[in-house]
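Chain and residue survey
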Amino acid sequence: RGGELVALVDVGQPAVSRHLGILQRAGLIESSRNHWWVEYRRVDPADSTVVPRLLEGLHEATADDPETAAFMARVREVDRHRLRGPPRPSRRRHL
């Protein structure tokens, strides 16, 4: 989710959303709306010729990088429920 990425990197929500849009248009990620969140996920590597090679190259390039290891440790600590906050009231009127 974009909000989780904002919590992990020192970049604002508009920049994160813009970059996610670029990745989506490039066919590297896909998105779906879940209530008020937009959830992003990488495309299935079986559906792409680029994604497996890209991920393999990134893994090789960052395997021994301490900054990458620290970032991945922070990724595992993100608390989605804390970021989400209380549920928003529905804007729909029941007739």
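Thresholds applied
Residues numbered from 1 in each chain as written. Predicted model: local features only at pLDDT ≥ 70, side-chain atom pairs only at ≥ 80, totals over all residues. Heavy atoms only, no water. Helix = DSSP H or I, 4+ residues; strand = E, 2+ residues; numbered from the N terminus. Buried < 20%, exposed > 50% of the residue type's maximum accessible area, 1.4 Å probe, protein only. Contact = heavy atoms within 4.5 Å. Areas by Shrake-Rupley, 256 points an atom, 1.4 Å probe, with all protein chains shown as cover. Pairing = 2+ DSSP bridges. pLDDT = per-residue confidence, 0-100. Patch = residues over 30% accessible without salt bridge, like charges linked within 9 Å, V, L, I, M, F, W, Y side chains within 5 Å. Salt bridge = Lys/Arg side-chain N within 4 Å of Asp/Glu carboxyl O.

Overview of the overall build of the chain
In terms of regular secondary structure, the chain is built from five helices and two strands. Going through the 95 residues of the chain one by one, you find that 15% of them count as buried. Counting contacts in the chain only where the partners sit at least 6 residues apart, residues at least 24 apart contribute 38% of the total. Of the roughly 7,900 Å² of accessible surface on the chain, a fraction of 54% belongs to carbon and sulfur atoms.

Points about the pairing of strand β1 (residues 29-34)
As paired elements, β1 and strand β2 (residues 37-42) share six bridges and run antiparallel to each other. Its bridge partner lying in β2, Ile 29 is registered against Arg 42. Between β1 and β2, which pair antiparallel and follow one another directly, the connecting turn spans two residues, one of which, His 35, has a positive phi of 60 degrees.

Focus on the confidence of the model for the chain
Parts of the prediction with low pLDDT should not have their coordinates interpreted in detail. A residue-level look at the chain finds 80% of positions with pLDDT of 70 or above and a mean pLDDT of 78. At the low end of the mean pLDDT range in the chain sits helix α5 (residues 80-84), at 60; at the high end sits helix α2 (residues 13-25), at 88.

Focus: the environment of Ser 48
Following the sequence through the fold, Ser 48 ends up in the loop between β2 and α3 (50-62). For the pair Ser 48 and Leu 28, spaced 20 residues apart in sequence, the C-alpha to C-alpha distance is 8.3 Å.

Topic: a nonpolar patch on the surface
Side chains of Val 50, Leu 54, Leu 55 and Leu 58 sit close together on the surface and give an oily, nonpolar patch of about 310 Å² of accessible area. Here Leu 54 lies in helix α3. Exposure remark for Leu 54: the relative accessible area of 37% places this residue in the partly exposed category.

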